[in-house]
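Reading the structure
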Amino acid sequence: MLDLIQKMLGREANGSKQIAKDRLRLVLVHDRVNVSPQFMEFLKEDMIKVISNYMEINEREMEVNLTQTNSSVALVASIPVNRMKRGAVPAE
Amino acid sequence: MGEVIVITSGKGGVGKTTTTANLGTGFALIGKKVVLVDADIGLRNLDVVMGLENRIVYDLVDVTEGNCRLKQALIRDKRYETLYLLPAAQTRDKNAVNPEQMKQLCRELSEDFDYVLIDCPAGIEQGFKNAIAGADRAVIVTTPEVSAVRDADRIIGLLEAEGKHNPKLIVNRIRPSMVKRGDMMDIDDIIDILAVDLLGIIPEDEYIVISTNRGEPAVVNPASAASTAYKNIVRRLNGENVPLIKFDANNGIVSKLKRFFGFGEG
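Predicted, not measured: the structure shown is a model, and the values here were computed from it.

So, the overall build of chain B
- Counting secondary structure elements, chain B contains 12 helices and eight strands.
- Burial statistics for chain B: of 266 residues in total, 55% are counted as buried.
- For chain B, restricting intrachain contacts to residue pairs at least 6 apart in sequence, the fraction spanning at least 24 positions comes to 74%.
- Summed over its atoms, the accessible surface of chain B is roughly 11,600 Å², and 47% of this surface lies on carbon and sulfur atoms.

Rendered as structure tokens:
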């Protein structure tokens, strides 16, 4: 209800500042660790190779990013799985 | 010995030169002897913002190359007894000076002045390295935009790498009404992201454009909203404890009266 009133008054509860903050945080994590987009691309390709031994994944929807958690940097991957490969054996 | 302060930002167009001009004039208003050094060689601008462009004879490169004595190149602002400008060279480039020469220059100036303010060029190349070389402390100017804050973060890292620790942040061109409706990052957001100390907040102020047109820094005009904010920053740099006052989207009669009497926030 409050949201509706705020919208009617032209005030969105969540203005574009949240988008700015989120984008800034993400870009700064990458800036601060000083890795190139190419580096992240190589990492992504290697991850695809390994994971593909076990499951069929949607490579186009896959996202691999660094993020900041409190005091440390974390690698966060979102990898949509299409199908598991039964009876997969670890490569070497 | 005076203190050498570099005003830097990384990104261009966030208000480094305007900030340098206003803080410098602000120091002169409280009776401090201050010199503004335009380190933006090849793109000099501090002279026009200060309204001193017609008085230039020698410049910074003339001093470092020994074409004139330091005192000959300093322009005294006739409006304020204790305010001086050392202009940049316009027809040379950033490589005309080196960090060692800038250190020497800052050392000499700090013997004669209470404050030496260096207006740093945009970017992170040679001009930036020259500008910060002789500084005792750094002030970073940013605006509440993703691009400016990102560059400020990079500058903080580079300053750290050069041994310039604990830079202080000025957030320029805040628009309280946009912050209030959630369409502009607020001070807490920016401080939280950059993890530096806040030195002051300057509200967006049309008078800045007018004062730059005229070549008279806005800080001398009590009707300017930015004026009080600059004065507060000057006092903080001078070691006084001036509380930060948060902005509100104030269009009310009380705030207008306050502003009229020179009690604006910042």
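Following the structure, the description resumes.
So, the pairing of strand β8 (residues 197-203) of chain B
Residues and elements named next belong to chain B.
- Most of β8 sits out of view: five of its seven residues are buried.
- In the sheet, strand β7 (residues 168-174) pairs with β8 via five bridges, with the strands oriented parallel. Looking at the pairing, I170 lines up with G200 of β8.

Concerning the interface of chain A and chain B
- Opposite the 14 residues of chain A that make contact, chain B presents 14 residues.
- The contact between chain A and chain B buries some 1,300 Å² in all, and 56% of this surface belongs to carbon and sulfur atoms.
- At the junction of chain A and chain B, the tally comes to six salt bridges.
- Our count for the chain A to chain B interface comes out at 10 residue pairs in polar contact (both at pLDDT 80 or more).
- Partitioning the side of chain A that touches chain B into residue classes produces four nonpolar, two polar and eight charged.

Considerations on the packing of helix α2 (residues 17-33) of chain A against helix α7 (residues 146-161) of chain B
- Packing of α2(A) against α7(B) brings their axes to within 10 Å, and their N-to-C directions diverge by 30°. Taken as axis vectors, α2(A) and α7(B) run roughly parallel relative to one another. At the point where α2(A) passes α7(B), the crossing takes the right-handed sense. Counted together, A20(A), R23(A), L24(A), V27(A), L28(A), D31(A) and R32(A) of α2(A) and V146(B), V149(B), R150(B) and D153(B) of α7(B) form the full contact between these two elements.
- Taken together, the residues of the contact of α2(A) with α7(B) break down into six nonpolar, no polar and five charged.

So, a nonpolar patch on the surface
- Residues L29(B), I30(B) and V220(B) make up a contiguous nonpolar surface patch of roughly 220 Å² in combined accessible area.
- Tracing the backbone through its elements, the reader meets V220(B) in the loop between α10 (206-214) and α11 (225-237).

Thoughts on the confidence of the model for chain A
- Here chain A shows a mean pLDDT of 83. Residues at 70 or above account for 80%.
- For chain A, the element scoring lowest by mean pLDDT is helix α1 (residues 2-8) of chain A, at 54; strand β1 (residues 55-57) of chain A scores highest, at 94.

A look at the packing of helix α5 (residues 99-112) of chain B against helix α6 (residues 126-133) of chain B
Residue and element names in this part refer to chain B.
- Packing of α5 against α6 brings their axes to within 7 Å, and their N-to-C directions diverge by 30°. When the interaxial angle is binned, α5 and α6 end up roughly parallel. For the element pair α5 and α6, the recorded crossing hand is right-handed. Seen from α5, the contacting residues are P99, M102 and K103; seen from α6, they are Q126, K129, N130 and A133.

With respect to helix α1 (residues 16-29) of chain B
- With 14 residues, α1(B) should cover 20 Å at 1.5 Å per step; its first-to-last C-alpha distance of 20 Å lies within 8% of that length.
- Burial analysis of α1(B) places 13 of its 14 residues in the buried class, which makes it a mostly covered element.

Considering the packing of aromatic side chains
Residues and elements named next belong to chain B.
- This model, assessed by the stated rule, comprises two aromatic pairs over all chains.
- Ring geometry for Y84 and F113: centres 5.3 Å apart, planes at 75°, overall edge-to-face. Of this pair, Y84 sits in strand β4 (residues 83-86) while F113 is found in the loop between α5 and β5 (115-119), placing the two residues 29 residues apart along the sequence.
- If you follow K33 out to its NZ or CZ, it ends over the ring of F113, 4.8 Å from the centre.

Quick look at the nonpolar core
Residues and elements named next belong to chain B.
- Ranked by internal contacts, the top residues of the largest apolar core, which has 52 residues, are L86, L109 and I118.
- Among the elements that take part in this core, α7 stands out by supplying five residues, more than any other.
- With near-sequence residues (within four places) excluded, I118 lies in contact with V4, I5, V6, I7, V37, A39, C106 and A131.
- Residues L52, I75, V141 and A226 belong to the second largest nonpolar core, which totals 36 residues.

Here we look at the side chain of S211(B)
- Structurally, S211(B) is set in helix α10.
- Excluding residues that lie within four positions of it along the chain, S211(B) makes contacts with E216(B), P217(B) and A218(B).

What about the sheet that holds β7(B)?
All names here are of chain B.
- Taken in spatial order, the eight strands make up an open sheet running β3-β4-β2-β5-β1-β6-β7-β8, and their pairing is mixed. Pairing within the sheet leaves two strands with one partner each, and these edge strands are β3 (75-76) and β8.
- This element, α5, spans β1 (3-8), β2 (34-38), β4 and β5 of the sheet and lies at about 145° to β5.
- Along the sheet face, α11 touches β1, β5, β6 (137-142), β7 and β8 and points at about 160° away from the line of β8.

Examining the pattern of salt bridges
- What the rule picks out here adds up to 20 salt bridges over all chains.
- Note that D47(B) and R44(B) form a salt bridge whose closest N and O atoms lie 3.3 Å from each other.
- A network of salt bridges, in which partner residues are shared, links K17(A), K21(A), D186(B) and D189(B).

Rules behind the numbers
Residues numbered from 1 in each chain as written. Chains lettered and ligands numbered in written order. Predicted model: local features only at pLDDT ≥ 70, side-chain atom pairs only at ≥ 80, totals over all residues. Heavy atoms only, no water. Helix = DSSP H or I, 4+ residues; strand = E, 2+ residues; numbered from the N terminus. Buried < 20%, exposed > 50% of the residue type's maximum accessible area, 1.4 Å probe, protein only. Contact = heavy atoms within 4.5 Å. Areas by Shrake-Rupley, 256 points an atom, 1.4 Å probe, with all protein chains shown as cover. Pairing = 2+ DSSP bridges. Buried area = accessible area lost by both parts, 1.4 Å probe. Salt bridge = Lys/Arg side-chain N within 4 Å of Asp/Glu carboxyl O. Polar contact = N/O pair within 3.5 Å; in protein donor to acceptor, adjacent residues only side chain to side chain. Nonpolar A, V, L, I, M, F, W, Y, C, P; charged D, E, K, R; others polar. Axes fitted to C-alpha atoms, helices over the stretch in contact; angles between N-to-C directions. Parallel < 35°, antiparallel > 145°, perpendicular 65-115°, else oblique. Left-handed = near helix turned anticlockwise from the far one by under 90°. Patch = residues over 30% accessible without salt bridge, like charges linked within 9 Å, V, L, I, M, F, W, Y side chains within 5 Å. pLDDT = per-residue confidence, 0-100. Expected span 1.5 Å × (residues − 1). Phe/Tyr/Trp six-rings, centres within 6.5 Å; stacked < 30°, edge-to-face > 60°. Lys NZ or Arg CZ within 6 Å of the ring centre and 35° of its normal. Core = buried A, V, L, I, M, F, W, Y, C linked by side-chain atoms within 4.5 Å.

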